[in-house]
Structure formats: structure tokens, C-alpha cells
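One letter stands for each residue in the lines below.
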Protein chains: 2
Amino acid sequence: MKKMCVDINLIGLGTVGRGVYELITNKNKEINEKTGLEIGIYGVCEKNKKILKEINISQNIKIIDIKSASKRCDIVVELIGGLDTAYDIVSNALNNKKYVVTANKALLAERGEELFDLAFKNDVEIRYEASVAGGIPILKSIREGLIANDITEIYGIINGTTNYILTRMEKEEMDFDKALKLAQNNGFAEADPSLDINGIDSAHKAVLLGGLVYQSIIPFNDVYIEGISNITLQDIKYAFEMGFRVKLIATIKRIVDKIDIRVHPALVPINHPLSNIPDEYNGIFLKGDAVSEQLYYGKGAGRYPAASAVVADVVDLAKKIVYREKLPKNIKKRYIKKAVFAVDDIYCSYFLKFITLDRPLVLAKISRILGINDVSIASVIQKEVNNPKGVPIVILTHKANERRVKEALKEIDKLSIIKAKSSLIRILE
Amino acid sequence: MKKMCVDINLIGLGTVGRGVYELITNKNKEINEKTGLEIGIYGVCEKNKKILKEINISQNIKIIDIKSASKRCDIVVELIGGLDTAYDIVSNALNNKKYVVTANKALLAERGEELFDLAFKNDVEIRYEASVAGGIPILKSIREGLIANDITEIYGIINGTTNYILTRMEKEEMDFDKALKLAQNNGFAEADPSLDINGIDSAHKAVLLGGLVYQSIIPFNDVYIEGISNITLQDIKYAFEMGFRVKLIATIKRIVDKIDIRVHPALVPINHPLSNIPDEYNGIFLKGDAVSEQLYYGKGAGRYPAASAVVADVVDLAKKIVYREKLPKNIKKRYIKKAVFAVDDIYCSYFLKFITLDRPLVLAKISRILGINDVSIASVIQKEVNNPKGVPIVILTHKANERRVKEALKEIDKLSIIKAKSSLIRILE
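Residues numbered from 1 in each chain as written. Chains lettered and ligands numbered in written order. Predicted model: local features only at pLDDT ≥ 70, side-chain atom pairs only at ≥ 80, totals over all residues. Heavy atoms only, no water.

A. Summary view of the overall build of chain A. Secondary structure assignment for chain A yields 14 helices and 20 strands. Relative to a compact globule of 429 residues, whose C-alpha radius of gyration would be 22 Å, chain A shows 24 Å and is just as compact. Once the C-alpha set of chain A is aligned to its principal axes, its extents read approximately 85 × 50 × 35 Å. Residue burial in chain A is summarised as follows: out of 429 residues, 60% are buried. Restricting to contacts in chain A with at least 6 residues of sequence separation, those with at least 24 account for 72%. When the accessible area of chain A is evaluated, it comes to approximately 17300 Å², of which 49% is carbon and sulfur surface. Between the mean site of the 62 positive side-chain charges and the mean site of the 54 negative ones, chain A shows a separation of 2 Å. (Helix = DSSP H or I, 4+ residues; strand = E, 2+ residues; numbered from the N terminus. Rg over C-alpha atoms; globule rule 2.2 N^0.38 Å. Buried < 20%, exposed > 50% of the residue type's maximum accessible area, 1.4 Å probe, protein only. Contact = heavy atoms within 4.5 Å. Areas by Shrake-Rupley, 256 points an atom, 1.4 Å probe, with all protein chains shown as cover. Lys, Arg positive; Asp, Glu negative; His and termini not counted. Charge placed at Lys NZ, Arg CZ, Asp CG, Glu CD.)

B. Structural view of the interface of chain A and chain B. Listed per partner, the contact involves 55 residues of chain A and 55 residues of chain B. Interface area lost by chain A to chain B is led by Lys34(A), Ile147(A) and Tyr323(A), which between them contribute 15%. Taken together, chain A and chain B are joined by 4 salt bridges. A salt bridge links Asp289(B) to Lys27(A), with the nearest nitrogen and oxygen atoms 2.6 Å apart. The interface formed by chain A and chain B contains 16 residue pairs in polar contact (both at pLDDT 80 or more). Where the side of chain A that touches chain B is concerned, the elements lending two or more residues are α2 (28-35), α6 (138-145), β13 (292-299) and α12 (303-322) of chain A. Of the residues belonging to the side of chain A that touches chain B, the class tally is 25 nonpolar, 14 polar and 16 charged. (Buried area = accessible area lost by both parts, 1.4 Å probe. Salt bridge = Lys/Arg side-chain N within 4 Å of Asp/Glu carboxyl O. Polar contact = N/O pair within 3.5 Å; in protein donor to acceptor, adjacent residues only side chain to side chain. Nonpolar A, V, L, I, M, F, W, Y, C, P; charged D, E, K, R; others polar.)

C. Region of interest: the sheet that holds strand β4 (residues 75-78) of chain B. All names here are of chain B. With parallel pairing, 6 strands are arranged side by side in an open sheet as β3-β2-β1-β4-β5-β6. Two strands close off the open sheet at either side, each with one partner strand: β3 (62-63) and β6 (126-127). Lying over the sheet, helix α4 (residues 84-95) contacts β1 (5-11), β4, β5 (99-102) and β6, oriented at roughly 170° with respect to β4. (Pairing = 2+ DSSP bridges. Axes fitted to C-alpha atoms, helices over the stretch in contact; angles between N-to-C directions.)

D. Highlighting the sheet that holds strand β3 (residues 62-63) of chain A. Residues and elements named next belong to chain A. As summarised here, the arrangement of the 6 strands in space is β3-β2-β1-β4-β5-β6, forming an open sheet in which the pairing is parallel. The open sheet has two edge strands with one neighbour each: β3 and β6 (126-127). In the sheet, strand β1 (residues 5-11) pairs with strand β2 (residues 38-45) via 7 bridges, with the strands oriented parallel. For valine 6, the partnering residue across the bridge sits in β2 and is isoleucine 39. Packing of helix α4 (residues 84-95) onto the sheet brings it into contact with β1, β4 (75-78), β5 (99-102) and β6, and relative to β4 it is tilted by some 170°.

E. The arrangement of the relation of the copies chain A and chain B in detail. Mapping chain A onto chain B calls for a rotation angle of 180° and an axial translation of 0.0 Å; the resulting RMSD is 0.0 Å. Such values leave the two copies arranged in the relation of a two-fold axis. Ranked by how close their C-alpha atoms come to the rotation axis, the residues of chain A are headed by Tyr296(A), at 2.5 Å. (Least-squares fit on C-alpha atoms with pLDDT ≥ 70 in both.)

F. Geometry of the pairing of strand β2 (residues 38-45) of chain B. All names here are of chain B. For β2, the tally of buried residues reaches 7 of 8 residues, placing the bulk of the element in the interior. Here β2 pairs with β3 via 2 bridges, running parallel. Among the inter-strand pairings, valine 44 is bridged to a residue of β3, identified as isoleucine 63. As a crossover connection, the stretch from β2 through helix α3 (residues 49-55) into β3 is right-handed. (Right-handed = clockwise from strand over helix to strand, strands pointing away.)

G. Spatial organisation of the packing of aromatic side chains. Residue and element names in this part refer to chain A. Applying the stated criterion across every chain yields a total of 7 aromatic pairs over all chains. Plain terms: the ring middles of tyrosine 164 and phenylalanine 188 are 4.5 Å apart, the flat faces sit at 40° to each other, and that makes the pair tilted. Of this pair, tyrosine 164 sits in helix α7 (residues 160-172) while phenylalanine 188 is found in the loop between α8 (176-185) and α9 (194-197), placing the two residues 24 residues apart along the sequence. Looking at phenylalanine 188, the relative accessible area reads 28%, which means it is partly exposed. (Phe/Tyr/Trp six-rings, centres within 6.5 Å; stacked < 30°, edge-to-face > 60°.)

H. Inspection of unusual backbone geometry at higher detail. For Val256(A), which is not glycine, the phi dihedral falls at a positive 50°. Tracing the backbone shows Val256(A) in the loop between β10 (244-255) and β11 (258-269). Backbone geometry at Arg72(B) places phi at a positive 55°, although glycine is not the residue there. Secondary-structure assignment places Arg72(B) in the loop between β3 and β4.

I. Focus on the pattern of salt bridges. All names here are of chain A. For the structure on display, the rule yields 70 salt bridges over all chains. With its nearest N and O atoms 3.5 Å apart, the salt bridge here joins glutamate 33 to lysine 29. In this pair, glutamate 33 and lysine 29 are both assigned in helix α2, 4 residues apart and thus about one turn of the helix distant. One salt bridge in this structure joins aspartate 235 and lysine 353, with 2.7 Å as the shortest N-O distance. Here lysine 353 lies in strand β16 (residues 347-356) and aspartate 235 lies in helix α11 (residues 233-241), a separation of 118 residues in the sequence. Each of the two residues, aspartate 235 as well as lysine 353, counts as buried.

J. Spatial organisation of helix α14 (residues 402-412) of chain A. Residue and element names in this part refer to chain A. Where α14 is concerned, the buried positions are Glu402, Val405, Ala408, Leu409 and Ile412. Burial along α14 is one-sided: seen end-on, the buried residues are contained in an arc of 120°. Buried residues belonging to α14 abut β16, α13 (362-372), β19 (400-401) and β20 (423-427). (Arc of directions from axis to C-beta.)

K. Representation of the environment of Tyr21(A). All names here are of chain A. Here tyrosine 21 lies in helix α1 (residues 15-26). For tyrosine 21, a relative accessible area of 6% gives the class buried. Along the backbone, tyrosine 21 and valine 44 are 23 residues apart, and their C-alpha atoms lie at a distance of 8.9 Å. If near-sequence neighbours (up to four positions away) are discounted, tyrosine 21 is found in contact with Leu10, Leu13, Ile41, Val44, Ile55, Asn56, Ile57, Ser58 and Ile61.

L. Geometry of the nonpolar core. Ranked by internal contacts, the top residues of the largest apolar core, which has 252 residues, are Ile138(A) and Ile138(B). Ignoring anything within four residues of it in the chain, the contact list for Ile138(B) reads Glu129(B), Val132(B), Ala133(B), Leu209(B), Ile284(B), Leu286(B) and Tyr296(B). Membership of the second largest hydrophobic core comes to 24 residues, among which are Ile157(A), Tyr281(A), Tyr297(A) and Tyr281(B). (Core = buried A, V, L, I, M, F, W, Y, C linked by side-chain atoms within 4.5 Å.)

M. Spotlight on the pairing of β11(A). Residues and elements named next belong to chain A. Extensive coverage of β11 is indicated by the burial of 10 of its 12 residues. Two strands pair when backbone bridges link them, and strand β9 (residues 224-225) and β11 are joined in this way by 2 bridges, in the parallel orientation. Pairing of isoleucine 225 across the sheet is with valine 263, part of β11. The pairing of β10 with β11 spans 12 bridges and is classified as antiparallel. Residue pairing in the sheet places threonine 251 in a bridge with arginine 262 of β11. By the bridge criterion, 2 bridges tie β11 to strand β15 (residues 339-340) in an arrangement that is parallel. Paired with lysine 258 across the strands is alanine 339, a residue of β15.

The analysis is restricted to geometry; functional conclusions fall outside its scope.
Below, the structure is given as C-alpha cells:
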């Protein structure tokens, strides 16, 4: 009879690692009943001795050091995060022909090419469900559940921190700084929130999603990334009045042989499923040629949601190990580098905001320059008058080319009637 | 090297079968690139000769009859629907140790016990992703993606026809009959819509979902089922005013060793994710102890969404066949019969509607009887006066026991001030 036992080494017992330790320890019986597999922990590695004591690690489990991370196990579970040590652990594991599970989006987004290559060469796999949208099994759904689909578009709210902030700004009419503080106080933003706020975390995840969907390596440095720190309460109010919510959206689409992949705030129509993803939740909206539109919604972070995804990956790989499931060697290498479609080349509709002097012909001057650049106006809101700080004019455009929109804004900003740099927010299709 | 070819017999080329034929034919290359597998169609079986001609079946594929359904293939894909012939095809396939993929919810909900048993005995499997929520990979997500979770509750909108009708009733202020006609005209309801309207289709799917989640066989005949044909436009309007939408909800919860499983219209709070599932879409909301709340949203029916799920099942089983992935024989039998929790024993909040004479003390009399039965009132709406047909009084209750609520209604209906049978709609927790 087949040996159904698979051992893991658990590297890092922080938030997620501890959750994985608990789930594997507490759910072993249920997992065995469902799959026949015995998942064992051979060793755990954690530099913080206090954590090791707190958890009260079972005596059967070895406390190992980082150098032994891939010894005496079938799967290495890397949960220390960061780039350098994590890279060493993962590459070392792959070179030792160990399967790897990780939640490290930064590592895979920035150094995925080398690591996926190494996995391919060593005939093993890296799984990373927890690194995108936490507990939502979106990678499994794309890889297996939707295997008969060409996934033509993905729009994702894949960062809980920024979604929490934008939700609070709208619901409680707070400005950005106050909402960020609130997020920090409630544990939804880190002390240094820059990776989240600036859109980088979302971009890491987008690169992993896009890579899986289009079987490719997407150069992270080519991804257009814009965060939410310039979004004002005023923007959110104007947008809402026009029928939209402001969300930080990761867009992933194929345009011929390139990938249109970008992260930026976007106006989402109020009746669109993504507009109803509140607080720290994540939501991934996709279109497949067979299934049409789908939405996946859930918690994108936190100890147990992420640990749930890690354990599911471990169980999947354990099956592959036990049943010797390997891709046939004649199959073509699966990850090919794809070029990114330049953001200046996209066509979309825009929310444009101008801070102007309250003078006659202001709108005429602005719309003339927009028109010359083939940017046509869908609607305009101008409400305040006589504000010495300037009167905001908000314009929604029809679809236009981003390069031309930016050229128009640059020209408009030279007008003497303009009091501050004009801004744009893209509108979700 | 492993033989990576797996052959299917495709039984039934109706709406879904034809979609499966097209997807397997057109996506063969992509599936092979992703998995290394070659999925071939050995034979197709379709009694309607016109369809065979229309599709222009490839010459490599045999036209087979039902008796040969499980010959010369690895997987039998049953897509003819119905109970009797389908039962013969599936049981015959299992007895011949063939894996089975089906979209036949009625068959598995009503005769699942025998069929799952047969699969277990013959060391093969039945897959049925397409039978619940069409293109949404909800069974895969529960079985694999959420394997580390105890799923404590599921609330599903899993019938597109009824959701379309309820959406139209609300948005266009139509009555039920008109909305049903519209659904039929637009292809969202069948000529005989009774299985959908009466909640039976949802109950079939609920039994399959619940069976998977709780590793059990749920006796279909014990499931409480109530359809939507008694829902009036007035109910929908009152509910909306009180902050709810009316949806046909399948509830699946474990209560100690029983399963609380039922299908009935329910008031869903407007800010609940299920309340925003519009038109013919399906939505499944679940709570897992690790992942917390999740929602899966997409098309629950239609040729390609269902075919997408069938093909994903075929690919999954093909892997199992190629890699000889079998559950170890010492694993306990997986499907155990579970008892259903009686609907009269549930506690929930209720929307109660009374049609009364406009007399003094009406509300006092009603609320006295409710109070005696431990049903306490959360809010009341009484708007019309002097309507000779009767004045509706709508009451939302706090949590109460269903048996007591029904007893109260029975007693209230004996009052001379009551003009019509009083009604209840349960409120989603």
C-alpha cells in the first residue's frame, strides 16, 4: 500500500506560520478522513525564542535552524517573508527537489522568474495561494476550476488596508490621514503602511495572478502602480454623486500579445459587484469566455484565512508527492516572459478634476483643450462658486486615450485660470 | 513514460453536452499545455439525430448507443438529465469501474446514496461540479481550497430562474405572474417552471452542497422546501422599506449532529452580499472557521458555464486516472446518512403579514397572541387605512421559535378582525 504520510518543515512562526501550525495540528484527523493523507510537521524554524515557548511546540517536532530548512521533509513552507533569506530558503529547497509553499508575494513577484525556473528544472512546484487574496481559493479556481476558460479580464480589490481606508473615507466622511490612523488603530494597516498605500502590495499580487492566468512571467518593474494617498474626500463625494465608488483596482487583461496590468484608484459603478466589497475584504471579479462574469469575495489577510490557503496548498502538493504526479517532461516550459502594455496606450473613461478661478469661459477653455485632444465630455459637475481657494470642476469623459488625456491636462494646467495641478482617476469599464 | 491520454464518452448532446463537446474540442491544446493531459472523446451518444448532424461530429469520434455508454472509455460524462435512464447509465458506468461526471442534480440528490456507495465499492468517483451553481467552482473550493475549514454555515442563491423573477419584481414593480412570463420570454424559465419556482431545484443542489460539506447523505425527502409563488409585490415593497430584499435562499448549517437544511424565501439585509446578487446570477455565501465569510458569485446555468464545470471535473479525474490516485482502502466510508433538523425547531426572526380590518385594538390583539407565544416584536408597519380589502400590518419579530410562531399565526387567524390567511417570511441571520 502507498505510504500516505507527507512531512513539512514550517519556516517562520509569525502571524501566518502560527496559524498553519495550529490548523495542521488541530485538523489532522479531518484532513486524513477527507483525503487519506497524514500531514506531519517534521521541523519548525523560528528565530524568536519567545514565540517557540508561547506555542508550546509538540515534543515530536524538531526545532530546526534555517540551514536545515529543506532537510528531512517533503515540502518546505516558507512564511518568514522578506526577500533575501526567503529567497535562499526557497531556492535551496527547490534545488533539493523539495516542493515549496509560500505566502511571500513580494518574493515571487520580484524574483519569480528565477524561482519558477528552478522549480521547473528540479521537477517540483511552488504553490502560493495565500499570497493572493488570503483565504479565497482564487489561484486554485483559475488553475483548475476554470481550466476550460480563457480568462480575458480580471479586476481585483486585493489589498485590504486600502479598501478599509477608502470605505471609511466614504462612510464616515473622513479625510485620508484620519482613515489611515483609524486603520492603524484597528490593526488593518501596519505602522509603515507604504507598501499597501502606494499600491505595491496589490501590484505584487497582480503580477502573480496575471502570471498564472497567462502562463507567463510579468516583469514587475514595468507594472504601472499608483496608490491612494492622493484620493481626497472630495473626490469620493463627487464620484458617489455621479454613481461611483473609488476603489484601488488591480487590472489584468491581455491585449494581443501584451498584458495590460496596472494598479491604480478607479471609479467603480455603484451597481458593479466590486463596488460592494467593503472594509478590509478582498474581491476578485473576472470574465472567462465560458463562465462569463464571476466574483470571489472574502478576507484577504489575517492569520487563519492565510493559513487556510497554505494548508490547502500543502494538501494539494502532498497528493502530488504521494501519487508521483509530475508534468511529463515533453511539456513546454510553462512560464514565458510577457511584455506589459504601456498605460499611456490604454483607452478608458476618466474622472477629471480641475481647481479653477471662478471666471467666465473657464469651462469653455478646458473643454476646448480636451476636444483638441480627442477627449469628449460625458458630464460635468460644477457646484461651488466664489471659493477663493478655487472652484472644483469635475468632468467625466467618454473613452479616450490616456496619453492624449495627460497631454490635455498638461496644457490645461498652463492656463491662468487653473489654481492647482489637475488630476485624473480612471473609470472601471 | 506515463500515458497521458484519457478518453471520455459523452452521453447527451443537449445544451450542456454540446458545450462540453465544443470546449473539449476547441481547448484541447490549452488544456494539454497546462496539464500535460490529452483529453479525447471516444464516443458520443444522442438520440436526436438532428443534433448529431448540426454539430458535425468529428470523424474520429464514434456515435454510440446508450448500452455502450461505458465501453472503451475512462470517464463517462452523463448529461441526459432525468432520473431513470441516467441512473442506469451512471450505475452501469460505476459497476464497470469507470469514473463519472454528471450535471444531474436531481439524480444525485434523490439517489445519491446508492450511487456514491457504488462508486465507493468500485473504487472510482462521481464528480458533479456543474450540478451546483453552474460555472462557479464551489464544490472544488469546498473540497480542496477550504479543506482546512469547518464550514459552519452556507446560504445560497442557487436557482437563477427564481432570482431573475424576484429581481424583476423588485426593480420593475411587477407581480409574480408577469415576472415569470418575462423570465420565460427571456429564456430564464422553462415552459414548465415548477421545479424552479417551487424550490425543488434549489433543494436538490442544497442536498449536494450539504452532503459534500458534512461528508454525508442528506435524505432529500426530509428537506423543508418552500417556493416563491406566494411572494407578492407588496411583500417585496414592505421588505425593501424595512431594509431587506426577498431572495430564495438555501440554508445549510450543522446543529449538533443534525443538518439544518431548507429552501425558502428569506429577507436578506440590503447590505448583505447575497442581497446584491441580481438577475439570473447565483451566489453562495459561506462561513468557514478559518477563512471567515466568503462569497462566490457567477452564472449558475447556461451552456458554457455548465460545460466549463464539466470539463474541469473531467480534467481532475483524468489526472487521478493517469496518476492512479485512489483513496487508501482503510479510509472510512465517506458518506454517512445524517438527519435533518426539523424546520419547526429553528429559531429565527420573521417578517409577518396580517391582512386586517381597520378596527381599534387590532394591533393589540395580534401582539398579545404573539407575546403569549414568546414572539416579541421588533418593528411594525401599518400604512393603509380604510381599505375594504383589508389593511396590511407587517411585523418584524426578534428571534423566535418557528413552531411557536406558527401556533401564534394559527390563533391570530381565528380572530374576526383577520381578513386573510396570515403569512410569514424568514429573515436571514
